[in-house]
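Topology and contacts: notes
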Amino acid sequence: MLNTMPPLASVRIVIIGAGMAGSKLANDLLEKHGKGQDITLIGEEAQVGYNRIMLSSLLANDISEKDMSLVDIDKMQNEGIRIIAGDPAVSINLESKVVLLASGQDITYDKLILATGSRARILPIKGAFAPNVMGFRTWQDVDAMTEMKEPQRVCVIGGGLLGLEAAVGLVKRGHNVTVFHRSDWLLNRQLDAESAELLLTRLKGMGIDFRLGESPSSFLQSEEGRVTQVVCENGEQLEADLVVMAAGILPEIALAKAAGLGTNQAILVDQYMKTSNPDVFALGECCEFEQQTFGLVAPIWTQIKVLIDVLSGKEACFAIEPTPTKLKVSGVNLFSVGKIQPTQDDTCILFKDIEANHYRKLVVNDGLLVGAILYGNVADGSWYFQLIQNKTNVSDMLELLIFGEAYCRPKVA
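Summary of the structure given here.

Thresholds applied
- Residues numbered from 1 in each chain as written.
- Predicted model: local features only at pLDDT ≥ 70, side-chain atom pairs only at ≥ 80, totals over all residues.
- Heavy atoms only, no water.
- Helix = DSSP H or I, 4+ residues; strand = E, 2+ residues; numbered from the N terminus.
- Rg over C-alpha atoms; globule rule 2.2 N^0.38 Å.
- Buried < 20%, exposed > 50% of the residue type's maximum accessible area, 1.4 Å probe, protein only.
- Expected span 1.5 Å × (residues − 1).
- Contact = heavy atoms within 4.5 Å.
- Axes fitted to C-alpha atoms, helices over the stretch in contact; angles between N-to-C directions.
- Parallel < 35°, antiparallel > 145°, perpendicular 65-115°, else oblique.
- Left-handed = near helix turned anticlockwise from the far one by under 90°.
- Nonpolar A, V, L, I, M, F, W, Y, C, P; charged D, E, K, R; others polar.
- Pairing = 2+ DSSP bridges.
- Polar contact = N/O pair within 3.5 Å; in protein donor to acceptor, adjacent residues only side chain to side chain.
- Salt bridge = Lys/Arg side-chain N within 4 Å of Asp/Glu carboxyl O.

1. Some remarks on the overall build of the protein
Tallying secondary structure elements over the protein gives 10 helices and 26 strands in all. The C-alpha atoms of the protein give a radius of gyration of 23 Å, which matches the 22 Å a tight globule of 413 residues would have. Projected onto the principal axes, the alpha-carbon positions of the protein cover approximately 70 × 60 × 35 Å. The burial tally for the protein puts 51% of its 413 residues in the buried class.

2. Quick word on helix 8 (residues 297-311)
In this model helix 8 runs 21 Å from its N-terminal to its C-terminal C-alpha over 15 residues, within 8% of the 21 Å that 1.5 Å per residue would give. Residues of helix 8 that are buried in the fold lie against strand 1 (12-16), helix 1 (20-33), strand 7 (111-114), strand 19 (280-282) and strand 20 (287-289). Gly313 sits one or two residues past helix 8 and shows a positive phi near 85°.

3. What about the packing of helix 1 against helix 8?
Running from N to C, helix 1 and helix 8 cross one another at 40°; their axes reach a closest spacing of 10 Å. When the interaxial angle is binned, helix 1 and helix 8 end up oblique. As helix 1 runs across helix 8, the sense of the crossing is right-handed. For the pair helix 1 and helix 8, the contacting residues are Met20, Ala21, Lys24, Leu25, Asp28, Leu29, Lys32 and His33 in the first and Val297, Ile300, Trp301, Ile304, Leu307, Ile308 and Asp309 in the second. When the residues that make up the contact of helix 1 with helix 8 are grouped by side-chain class, the tally is 10 nonpolar, one polar and four charged.

4. Section: the sheet that holds strand 26 (residues 368-375)
Read from one edge of the open sheet, five strands run 22-23-26-25-24, paired in antiparallel fashion. The strands lining the two open edges of the sheet, one partner per strand, are strand 22 (325-329) and strand 24 (347-353). The mean angle between the axes of side-by-side strands here comes to 15°, regardless of whether they run parallel or antiparallel. Both strand 23 (residues 332-338) and strand 26 contribute to a ladder of five bridges, which runs antiparallel. Within the sheet, the bridge partner assigned to Leu334 lies in strand 26 and is Tyr375. Across the sheet, helix 9 (residues 381-390) is in contact with strand 22, strand 23, strand 25 (358-365) and strand 26; its angle to strand 26 comes to roughly 160°.

5. Considering the pairing of strand 25
Buried residues dominate strand 25, accounting for seven of its eight residues. Where strand 24 lies against strand 25, seven bridges are found, and the strand directions are antiparallel. Note that in strand 25 the partner of Phe351 across the bridge is Arg360. What sits between the antiparallel neighbours strand 24 and strand 25 is a turn of four residues, in which Asn357 has the positive phi angle 55°. Across seven bridges, strand 25 lies against strand 26 in antiparallel orientation. Among the inter-strand pairings, Arg360 is bridged to a residue of strand 26, identified as Leu374. Counted between consecutive antiparallel strands, the loop separating strand 25 from strand 26 contains two residues, among which Asp366 sits at a positive phi close to 50°.

6. Considering the sheet that holds strand 11 (residues 176-181)
With respect to topology, five strands assemble into an open sheet ordered 9-16-10-11-12, the strand pairing being parallel. In this open sheet, the two strands that pair with only one neighbour each are strand 9 (133-134) and strand 12 (209-212). In this structure, strand 10 (residues 153-157) lies alongside strand 11, joined through five bridges in parallel fashion. Residue pairing across strands places Arg153 opposite Asn176, the latter belonging to strand 11.

7. Looking at the side chain of Thr40
Mapped onto the secondary structure, Thr40 falls in strand 2 (residues 38-42). Looking at Thr40, the relative accessible area reads 4%, which means it is buried. Aside from chain neighbours lying at most four places away, what touches Thr40 is Ile13, Val14, Ile15, Arg82, Ile84 and Ile107.

8. A look at the environment of Glu288
Its location among the elements puts Glu288 in strand 20. For Glu288, a relative accessible area of 2% translates into the label buried. Other than its neighbours up to four places away in sequence, Glu288 contacts Asn264, Gln265, Ala266, Ile267, Leu268, Val269 and Thr293. Of the polar contacts made by the side chain of Glu288, one reaches the backbone nitrogen of Ala266; its length is 3.0 Å.

9. Looking at the pattern of salt bridges
Counted under the stated rule, the structure contains 19 salt bridges. Taking the shortest distance from any N to any O, the salt bridge between Lys32 and Asp309 comes out at 2.9 Å. Pair noted here: Lys32 is in helix 1 and Asp309 is in helix 8, with a separation of 277 residues, a long-range link.

The following block contains the structure:
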């Protein structure tokens, strides 16, 4: 890639999306190139630059609103970044390079970055479209949940990370919570059945009810159109005051698609984060690279670094790399990377201490560590990931590998 970019100070950069990806991009551009840049950050929500990962902690009342900041918005504004909140972009004219906002305001750009993120997936269940059926993606969603002062009957759809965080936060606020999860165990993409059972026992102890292996068949509504009952697959009906959908996300591509940019599941980008238009880029949950979309922070932060270099005229390319999943659910640390379900050719090493709330599972194939699950004590997670990344031969330390780095002296393969 040739250095054909003009100095950033003379480039009008417009970022659509003031969530984590967009606000961090604006902040990092400022930190790297200083004042004097022409950067406009456009946000749909009234709050911008907050850490979406902390929404569950805010819901659980474990932190206050002042702890939600991802970047220093006041500092960014004082140093020249123009921030527009609560006024979403409604159209993009690629020929004239103009973004139209809901207020009617026009914003002209030289380089446009789409960081429009994603929206909660509302499952196509009969009766699901109702005012008391909501996602769990925004600060506004948390505000709606915290407005419920009296104990409510809440149904959470989805036993992944987001659904469990919502359930924990709601039960901590005194609500009666039932979680539906269509898989047979919780966090089925990160945990195996045995570690998930430990987590299930802990969450049940908090007062959360679970219906595993099923999704609601329908929702019954009142004359006012609100969901009042959840109909289970066996015909049983559960009373509900609120339904929280946490069954995945949908990349927000409507704006890009209407503008004529290339899309599939998300906005198509190349290794430079460039879309089908040479002056428009995309990153974060709204983009798709090599048929893969992104929901974890690590690859999105890498995309930001690559894009800043590209905008600066430097050589940089984004590439997909294995990413470990580090979670914390109800105070329990979890770590998962690589292959978690062994096949016939794999060796599986297990350690379980129920009293210590500690579980480990390692998957080894032909002398190489290819997967790991840590529940409770995750201190060795980074070391296991390094062994996987470096393709270190672990044959000589199999007997002690499960106990972690302190017990092993790995030989470089």
